[in-house]
Amino acid sequence: MRPCGVFDKSYGLDIAIIRTWQHWVILISALILLYTFPLFGSYYLVSFMNSLAITVIVVLGLQIVSGYCGQISFGQAAFMAIGAYTSAILTIKFGFSFWIALPLSGIMAGIVGIIGGAPSLRIKGMYLAMATIAIHFVVIWLILHMEITGSFKGLYPLPPSLGGFEFDTDERIFYIIMTVMVIMTYAARNLVRSKVGRAFVAIRDNDLAGEVMGVNLYYYKLLAFFVSCFYAGIAGSLWGHLITVVNTEQFTLMHALEYVGMLIIGGMGSIPGVFFGVLFIRILNELVMFSSPVLAKALPWLGSSPAAALGLIAFGLAVIVFLIFEPRGLAHRWEIFKASYRLYPFAH
Amino acid sequence: MIEFFQHAITGLMIGSLYALVAAGIVLVYKATHVVSLAHGQLVAFGALFFWLFLGGLGLPFWLSLVPAFVLTALLGLLIERLALRPLIGQPLFAAFLMTFAIFIALEGVFVLYLKGETRTLPAFLPEGNLDISGISIPINQLISFCVAVLLFAAVSLLFKYTKLGLGMRATAEDHRLAQSTGIIVKNIFSYIWILSAMVAAVAGIATANVMDIYYMLPYIGISGLIVAICGGLDSLLGALVVGLLLGFVENVGAAYLDPLVGGGVKDVAAYVVLLAVLLIRPYGLFGLVKIERI
């Protein structure tokens, strides 16, 4: 976002993420607004923001592996489950503190992600998507059939604490989740414009050509899976300690499909697109939630609680409409807006 | 030994259902190179439409078969017209994602209609068991098994020997070349979706014959997709063989491995088989190997 007539006069300015003093003002005031949000936001809004931020972290990971590296993964929910379970097991059964368990669960999910991403070395596109669906079911099956994960009952992790301060309400854990989200967004934004990010894009656009140019396919594909699953693991750990109950019902294939849908609507290959996609779907969901009791009253044949089914229909239709009319997602609209802002008041 | 054969036969019967579901996916792929995730929904809706007329309205078997086929074919046509036709010329992966969106939207409709209940088809095939030296085979499953094999033969012949089948094979090869030889590609797309939806209706009716119609029914499409991929997406023979094989592995594996690992082998066997096949032969057991160039 640059107004007309602002030019980069040095290399440092050219590569900066934050280019003008207006950006700094917007960024800092947005951060202040974010961190004071629980003081004036309602309980409903704060818990909404919590789940929103966790979803953003998951979809950021998916954006890296699918949007940038081009390896579509329907296994993101399973990797989130691995993170959630690892963190729960470490804190409950081995007495680790949350602050150590959080990165460890990310790393654990990442390692499993490398194993799960191994098929990408031989297959791609739709075949890989099917392989990740298979991985999803295998992981969930393993979780259900292991002793340590509590099987069907699930686990009950405790809220994190720091020096006697318990982050036991939604308003308190809000700060942890937001901090992690900001750090993760910053890391993702920087990763995709580094050498690694360019290698990912090369693999996405044409993996054979990328390999000819000297991109090590094996290394970078597995790295993409590692990073993506690391994000999912972190998000899973946060989710477990936010909800304080972990079971496989929270990580179904439908969740994984939802993340991919968010990616399509937000726009593949764009970090802001993640925020657009997650916001769009979550607001759509909330709208359906609020409107379904009214609809159920007006149209009795819908049954008493049509919210879940109507949510699925709305979500599916939204993805269909976006695929037909705006396959590049909301991020593309945002780019168009930015370009026209930069040119204003001139036509081109 | 008798026990083993009993498990094997039961597995093969279930496997014929998987093969039927996979057949629809293979058909669409053979003619358009689109992989359809939405096929499970067509199967489920085929079963549901059949139930509407047989169980809901109480029509006789043959009379309810016709509207069920027509409605499922219409649904298939609708999917093709509204969602997939605008994507002709776009990357094939967009079409794959589109079928995934259709799956979710139709899943919503399906759940909305069922409202968490189950529907059970009244028995419409002869009951009873066929007994061959100690191995008992339910007659209604045997009938659906035979229907599956016959359907496979019919569809393979259609692809191989009719003009329509030739047009479909040509379309799959290259849309523009096919168009320039006078094949109307758009019509081929419609025909294949109608055909695939009808096969899905058969699969749905055969499936609803052995299990209830409930909210998980569309997920049989994922099993079908696994079978189609393992067999090679462009091979009808592969779908049949691997479908039967998968039913066999699931049932025999469940019978002999469940006591060892504590149950649930049936739920995961298909996915393990899929991963193994994808790692060893990425194009499936019977699929054409494609060489990629830059």
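Cut-offs and rules
- Residues numbered from 1 in each chain as written.
- Chains lettered and ligands numbered in written order.
- Predicted model: local features only at pLDDT ≥ 70, side-chain atom pairs only at ≥ 80, totals over all residues.
- Helix = DSSP H or I, 4+ residues; strand = E, 2+ residues; numbered from the N terminus.
- Rg over C-alpha atoms; globule rule 2.2 N^0.38 Å.
- Buried ≥ 20, exposed ≤ 12 C-beta atoms within 10 Å, placed from the backbone.
- Contact = placed C-beta atoms within 7 Å.
- Nonpolar A, V, L, I, M, F, W, Y, C, P; charged D, E, K, R; others polar.
- Domains from an automatic or database assignment.
- Core = buried A, V, L, I, M, F, W, Y, C linked by C-beta atoms within 7 Å.
- Pairing = 2+ DSSP bridges.
- Axes fitted to C-alpha atoms, helices over the stretch in contact; angles between N-to-C directions.
- Left-handed = near helix turned anticlockwise from the far one by under 90°.
- Expected span 1.5 Å × (residues − 1).
- pLDDT = per-residue confidence, 0-100.
- Parallel < 35°, antiparallel > 145°, perpendicular 65-115°, else oblique.

### Some details on the overall build of chain B
Scanning chain B from terminus to terminus reveals eleven helices and two strands. For chain B, the succession of helices and strands along the chain, N to C, is α-α-α-α-β-β-α-α-α-α-α-α-α. Relative to a compact globule of 294 residues, whose C-alpha radius of gyration would be 19 Å, chain B shows 19 Å and is just as compact. Principal axes of the C-alpha set define a box for chain B whose edges measure 60 × 50 × 35 Å. Expressed as a percentage of the 294 residues in chain B, the buried residues total 47%. If you take every contact in chain B between residues at least 6 apart in sequence, the share linking residues at least 24 apart comes to 76%.

### Some words on the overall build of chain A
The number of helices and strands found in chain A is 15 helices and two strands. Taken over the C-alpha trace, chain A has a radius of gyration of 21 Å; the compact-globule value for 348 residues is 20 Å, and the two agree within 12%. Projecting the C-alpha coordinates of chain A onto the three principal axes gives extents of approximately 60 × 55 × 50 Å. The buried share of chain A, taken over its 348 residues, is 46%. Residue pairs in contact within chain A that sit at least 24 positions apart in sequence constitute 75% of those at least 6 positions apart.

### Some remarks on the interface of chain A and chain B
Accessible area lost upon the coming together of the parts is a frequently used measure of interface size. On the side of chain B, 36 residues touch chain A, which itself brings 36 residues to the contact. Of all the secondary-structure elements, those providing two or more residues to the side of chain A that touches chain B are α7 (126–144), α10 (207–212), α12 (253–266) and α14 (307–325) of chain A. With twelve residues, α14(A) is the largest single contributor of residues to the side of chain A that touches chain B. Class assignment for the residues of the side of chain A that touches chain B results in 29 nonpolar, six polar and one charged.

### A look at the domain arrangement of chain A
Residue and element names in this part refer to chain A. Partitioning chain A into domains gives domain 1 (45–251) and domain 2 (252–348). One C-alpha centre belongs to domain 1, the other to domain 2, and the line joining them spans 22 Å. Domain 1 puts 23 residues into the contact, and the matching count from domain 2 is 18 residues. For the side of domain 1 that touches domain 2, the elements supplying multiple residues, two or more each, are α4 (43–68), α5 (76–93), α7 and α8 (170–191). For the side of domain 1 that touches domain 2, the element with the most residues is α4, which contributes eleven residues. Of the residues contributing to the side of domain 1 that touches domain 2, the split by class is 13 nonpolar, eight polar and two charged.

### Structural notes on the nonpolar core
Core analysis: the biggest nonpolar cluster contains 200 residues, and Ile57(A), Ala81(A), Leu20(B), Ala23(B) and Leu274(B) have the highest contact counts within it. The element contributing the most residues to this core is helix α1 (residues 2–32) of chain B, with 16 residues. Two domains each donate at least three residues to this core, and these are domain 1 (45–251) and domain 2 (252–348) of chain A. The residues touching Ile57(A), leaving out its near neighbours within four places in the chain, are Val180(A), Met181(A), Met184(A), Tyr231(A), Ile234(A) and Ala235(A).

### Describing the pairing of strand β1 (residues 129–132) of chain B
Residue and element names in this part refer to chain B. By the bridge criterion, four bridges tie β1 to strand β2 (residues 135–138) in an arrangement that is antiparallel. Across the sheet, the residue bridging to Leu130 is Ile137, located in β2. Where β1 folds back on β2, the antiparallel hairpin that results is connected by two residues, among which Ser133 adopts a positive phi of roughly 40°.

### Topic: the packing of helix α2 (residues 39–56) of chain B against helix α3 (residues 61–84) of chain B
Residues and elements named next belong to chain B. Following both chains from N to C, one finds α2 and α3 inclined at 145°, their axes separated by 8 Å at the closest point. For α2 against α3, the interelement crossing comes out right-handed. Here Leu42, Phe45, Gly46, Phe49, Phe50, Phe53 and Leu54 of α2 come into contact with α3, specifically with Phe61, Ser64, Pro67, Ala68, Leu71, Thr72, Leu75 and Gly76.

### Observations concerning α7(A)
For α7(A), with 19 residues, the first-to-last C-alpha span of 27 Å sits near the 27 Å given by 1.5 Å per residue. α7(A) sits mainly inside the fold: 16 of its 19 residues count as buried.

### Quick word on unusual backbone geometry
A cis amide bond links Tyr344(A) to the next residue, Pro345(A), at an omega of 10°. Take Pro345(A): it is sitting in the segment after α15 (329–343). Phi angles above zero are rare outside glycine, and Thr244(A) is one such case at about 55°. A positive phi angle, close to 60°, is found at His33(B), a residue other than glycine. Here His33(B) lies in the loop between α1 and α2.

### Some words on the confidence of the model for chain B
Overall, the prediction assigns chain B a mean pLDDT of 85, with 98% of residues at 70 or greater. At the level of chain-chain contacts, confidence expressed as ipTM amounts to 0.86, with global pTM at 0.89.

### Re the packing of α4(A) against helix α11 (residues 217–243) of chain A
Residue and element names in this part refer to chain A. At their nearest, the axes of α4 and α11 sit 7 Å apart, and the two run at 170° to each other. Comparing their axes, α11 and α4 come out roughly antiparallel. Here α4 and α11 pass one another in a crossing that is left-handed.

### Overview of the environment of Phe103(B)
Residues and elements named next belong to chain B. In this structure, Phe103 sits in helix α4 (residues 92–114). Along the sequence, Phe103 and His39 sit 64 residues apart, while their C-alpha atoms lie 7.8 Å from each other. Not counting residues within four places of it along the chain, the set of residues in contact with Phe103 comprises Leu37, Ala38, Gly40 and Gln41.

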